[in-house]
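In case you want the letters, here they are:
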Amino acid sequence: MSENKVLILTFTFHPYPAVSSFRMLRFVKYLPEFGIEPLIITSRQGNLEDPYPNTTYIRSPFKHNYQSPVNPIRYQNGKRGLSKFFNYLIRLLKDLLLSPDKHIIWSIKIIPVALRRIKRDRIRTLLVTGDPFSLFISGLIIKKLSGVHLILDYRDPWISNRMNQAQTFIRKIYNRIAQRLCLGAADLVICVNESIEAELDLPPEKKVVIPNGFDPELFDGLHEGEKKTGQDMFTIFYAGKMDVFSYYYNPEIVLEGFREFKKRISPERTEFVVCGNVPESTQKYLARNDLLDGVTLLGHLSQKEVIGHAQKADLLIHFYYPGRFTEAISSKIYEYLKLKKPVISINSREGILADLLNESGCGYACEND
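Since this is a predicted model, take the numbers as computed values, not measurements.

S.K.: Got a minute to help me understand the sheet that holds strand 13 (residues 363-367) in this structure?
M.R.: Backbone hydrogen bonds are what pair the strands of a sheet, in a parallel or an antiparallel way. With parallel pairing, the six strands of this open sheet are ordered in space as 10-9-8-11-12-13. Taken across any chain shown, the strands that pair with only one partner, and hence form the sheet edges, are strand 10 (295-299) and strand 13. Pairs of neighbouring strands in the sheet enclose a mean axial angle of 20°, with direction left out of account. Here strand 11 (residues 315-319) pairs with strand 12 (residues 343-347) via four bridges, running parallel. Its bridge partner lying in strand 12, Phe319 is registered against Ile346. Each of strand 8 (234-239), strand 9 (270-275), strand 10, strand 11 and strand 12 is contacted by helix 9 (residues 252-264), which is oriented at about 155° to strand 9, the strand it contacts most. The strands that helix 11 (residues 303-311) touches are strand 8, strand 9, strand 10 and strand 11; relative to strand 8, the one it contacts most, it runs at about 150°.

Structure follows, in structure tokens:
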């Protein structure tokens, strides 16, 4: 059996320019330097013209940016009576069929493919990243059926995730039981930060922290360009998700701040550039509330293109709203710091990111409200 092969299960991966795909992309890119050959199973969500080597693409019924019509956040404010009641009933039914998340259909679908790959390539190690945490269920089943060593990578918290707290009691119970079973089966658990590591009830030798970082090759060929004058456009830049129905990426207060900034500084020479997923429902909501004036939404771009736009900006924005994170550093921060541009973190004045910006002199942290 091969000691140096690892099979990786990840829902998002190349060529999709989602933040959730970047972590495993970097694992896959740099593992060979340590004598480890990665093989990948991931989702296919459209036409695929540029497949990644050693990667099996399996079509998924849901895209990574799919917006559920029964998202609980939509019904927390402003919805009352029968509408809210029927929404909860539908969510109960959904959670009976699709727990721990909607990607359980795809995660079960890939199990036979993974088992054949393990047998054919004589693989001994399986690395599974979440979320979606339905992939952890697949990892558990695959280990029971094949005997591989199972490594779980927590890119995000599972139980303490605020979105989990908004779910029905069925999904909450399921998630607690599922996490306990998955952790019990795991040979090693990787955590992206210390706060996730601390909440997992495991012996110290079974868990390790491997934080995010940046890929140096993304910055090859970048140059500072011409120095701006007071007559040039002042550009504020943000890379990531915006969603008014999210616990962490609601951009309302950030864009309200930008609107006030434009009024005070220079409406004609101030712009806000956004690279990332902004659902149509969010765009319509922001437009109705006059929050898109001076805002350019570039959508999904390649990592190299995102870095290129950020390099031209004068100010780089990080935010969480309405939720806050004090014990985590977003993956985009490492790229922001590499660009040596001023950073404003609209999140919290306390925590490890605020400390990093203050101690390094690279930016400022403020409360997100």
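S.K.: Hey, could you run me through the environment of Ile41 in this one?
M.R.: With respect to the element layout, Ile41 can be found in strand 2 (residues 37-44). Residues Ile41 and Glu268, 227 residues apart in the sequence, show an inter-C-alpha distance of 48 Å. Once residues lying within four places of it in the same chain are set aside, the contact partners of Ile41 are Leu7, Ile8, Leu9, Thr10, Thr56, Ile58, Trp106, Ile110, Val113 and Ala114.

S.K.: What's the story with the nonpolar core in this structure? I'm lost.
M.R.: Side chains that are nonpolar tend, in soluble globular proteins, to be buried together. Counting 38 residues, the largest nonpolar core has Leu7, Leu9, Leu152, Tyr154 and Val189 as its most contacted members. With five residues, the top contributor of residues to this core is helix 5 (residues 134-146). The contact partners of Leu9, leaving out residues within four places of it in the chain, are Ile41, Ile110, Leu126, Leu127, Val128, Thr129, Leu135 and Ile142. With 35 residues, the next largest nonpolar core counts Met242, Leu286, Ala313 and Ile333 among its residues.

S.K.: Which parts of the structure should I look at to understand the pattern of salt bridges?
M.R.: As a working rule, side chains carrying opposite charge can pair if their charged atoms are close by. Tallied over the full model, the rule gives 16 salt bridges. For Arg26, the salt bridge identified is with Glu335, shortest N-O distance 2.7 Å. Of the two residues, Arg26 is situated in helix 1 (residues 19-30) and Glu335 in helix 12 (residues 331-338); the sequence distance between them amounts to 309 residues. Between Arg171 and Asp95 there is a salt bridge; the shortest N-O distance is 3.1 Å. Of this pair, Arg171 sits in helix 7 (residues 169-185) while Asp95 sits in helix 2 (residues 81-97); the two residues are 76 residues apart in sequence, bridging distant segments of the chain.

Reading guide: rules and limits
- Residues numbered from 1 in each chain as written.
- Predicted model: local features only at pLDDT ≥ 70, side-chain atom pairs only at ≥ 80, totals over all residues.
- Heavy atoms only, no water.
- Pairing = 2+ DSSP bridges.
- Helix = DSSP H or I, 4+ residues; strand = E, 2+ residues; numbered from the N terminus.
- Axes fitted to C-alpha atoms, helices over the stretch in contact; angles between N-to-C directions.
- Contact = heavy atoms within 4.5 Å.
- Core = buried A, V, L, I, M, F, W, Y, C linked by side-chain atoms within 4.5 Å.
- Buried < 20%, exposed > 50% of the residue type's maximum accessible area, 1.4 Å probe, protein only.
- Salt bridge = Lys/Arg side-chain N within 4 Å of Asp/Glu carboxyl O.

From the geometry alone we can't say anything about function, so treat these as descriptive.
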